[in-house]
Structure formats: C-alpha cells, structure tokens
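Examining the three-dimensional arrangement
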Amino acid sequence: MRASISAPFVDTGADDLVWTLGHPPTEPLASRSLRVAGARVELRVLGASHQVVVTPDSGGGALVETVACLPGLPGGLPGRAERPDRGGYRFGSLVETLARGELADRVERLHREVADSPGGLLVAFPGDPLAITALHLTPLGGSPLGWRTWHAYPQTGELVTTTSTMTTPPSPERSAP
C-alpha cells in the first residue's frame, strides 16, 4: 500500500534514530492494520520513523516497537537485540551509506516490492522522491511473525534496514516494558 501524506521531509539521519519497546503509540502519518494468527498488527509511519504495534487476540498488553528520533534520548540503533520475555522478540538493524544512484535503485525496488504487497506500507515524503519509510510484514499468518522496515535519508545517502521477529504474540504476562 502506498500512502500519500502532506508532511514535509525532515532533515535527519540514521544517527538520530532510537529503538525502543517502551514508547507509547504515537499518532501516525499513515498506517495499515493486518490480522495474523493470534494477533492484530499495525504498521505505522511516524514522520522519519516507524512503529509496529502487535496486539494479541488473547488480550493484555501490546508490543510496540518504535524506531524514531525521540526528544531527550541519544540516537543510535543496536545492531542486534533480543527480548525472549516479549514473545521471543528479536531485532536487528543495518545502516548503509550509498551513492545517490544506488539509493535510487534500492528505493525503486522497495516501491515495487513493498507498496503492492498485501503486508506492505510505503510512504514517500514530499520534497525528495528518495525520502521514504517502508514497512513489510512477512509471512502473513505464519510463525514466527516477522517484519522489515526501511528508512531512506537521501541527504546523507543512508538506508536504514531493520528486521524484527516474534516467535509468539505477546501475552499479558509478557507485556511489561
């Protein structure tokens, strides 16, 4: 799904991003809700960032993954993180610095692969066609539950890719931050 927004492109970069599972849900610029076995998953674009909210059918707390520029918190994404107590959650990130032509090729490929996928959401920001945030849930209905995200920062040539998985949806006893 491609979403049109009117919010301008924000001049930021990979070093400003923070990963957290404790930030409350924030009003998105664009979102897509999907049902998977045992949970509802909401893919959310928040300006130059994202949230993925996994709410179990069994009730209880949701897992809220946020990768964003958060005021008051120093930037820097972990290369890897694991939270076995949160449904077997795993997170990984990769920051690549690309020439503008290579970044354009990758963004074009993301438009093709993510925007038309039943589990995808892609937002292109006004001001630079390479400024995008994309989220892709895979597999739909399978376990483990997984998603990938991409944040393209054309002013620095950076492409941030994150990969997350959960073995099971969070349960009430696993929902503490």
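Everything below is about the structure shown above.
Just so it is clear, the structure is predicted and the values come from calculations on it, not from any experiment. (Residues numbered from 1 in each chain as written. Predicted model: local features only at pLDDT ≥ 70, side-chain atom pairs only at ≥ 80, totals over all residues. Heavy atoms only, no water.)

A few words on the side chain of T161. For T161, the position within the fold is in strand β12 (residues 158-166). Once residues within four sequence positions are removed from consideration, T161 is found in contact with G92, S93, L94, E96, R148, T149 and W150. (Helix = DSSP H or I, 4+ residues; strand = E, 2+ residues; numbered from the N terminus. Contact = heavy atoms within 4.5 Å.)

Enumeration according to the criterion identifies three aromatic pairs in this entry. Relative to Y89, the ring of W19 has its centre 6.3 Å away and its plane inclined at 10°; by these criteria the two rings are stacked. One end of the pair, W19, is in strand β2 (residues 18-20); the other, Y89, is in strand β8 (residues 89-97), with 70 residues separating them in the sequence. Centre to centre, the rings of W19 and F91 are 5.2 Å apart; their planes meet at 25°, and the pair counts as stacked. You can see W19 sitting in strand β2 and its partner F91 sitting in strand β8, a full 72 residues away along the chain. Exposure class is identical for W19 and F91. Each is buried. By the ring-pair criterion, three or more aromatic residues cluster together here, those being W19, Y89, F91 and W147. (Phe/Tyr/Trp six-rings, centres within 6.5 Å; stacked < 30°, edge-to-face > 60°. Buried < 20%, exposed > 50% of the residue type's maximum accessible area, 1.4 Å probe, protein only.)

Attention now goes to the pattern of salt bridges. Overall, the coordinates contain eight salt bridges when judged by the stated rule. Residue E108 is joined to R112 by a salt bridge in which the shortest nitrogen-to-oxygen separation is 3.1 Å. A residue pair is termed a helical-turn pair when its members lie 3 or 4 positions apart in one helix, as E108 and R112 do in helix α1 (residues 100-114) at four residues. One continuous salt-bridge network, built from bridges that share partners, spans R40, E42 and R44. (Salt bridge = Lys/Arg side-chain N within 4 Å of Asp/Glu carboxyl O.)

Once that is clear, we can look at the environment of L21. As for its placement among the helices and strands, L21 is situated in the loop between β2 and β3 (30-36). Look at L21 and you get buried, because its relative accessible area is 9%. Distance in space between the C-alpha atoms of L21 and V52 is 9.7 Å, their sequence separation being 31 residues. Apart from the residues lying within four places of it in its own chain, the contact partners of L21 are L63, V64, E65, R83, R86 and Y89.

Strand order in the open sheet formed by five strands is β2-β6-β5-β4-β3, with antiparallel pairing between adjacent strands. Edge strands, defined here as strands with exactly one partner in the open sheet, are β2 and β3. Across the sheet, the mean angle separating the axes of adjacent strands is 10° when strand polarity is ignored. Sheet analysis places β2 next to strand β6 (residues 63-68), joined by three bridges and oriented antiparallel. Note that in β6 the partner of T20 across the bridge is T66. (Pairing = 2+ DSSP bridges. Axes fitted to C-alpha atoms, helices over the stretch in contact; angles between N-to-C directions.)

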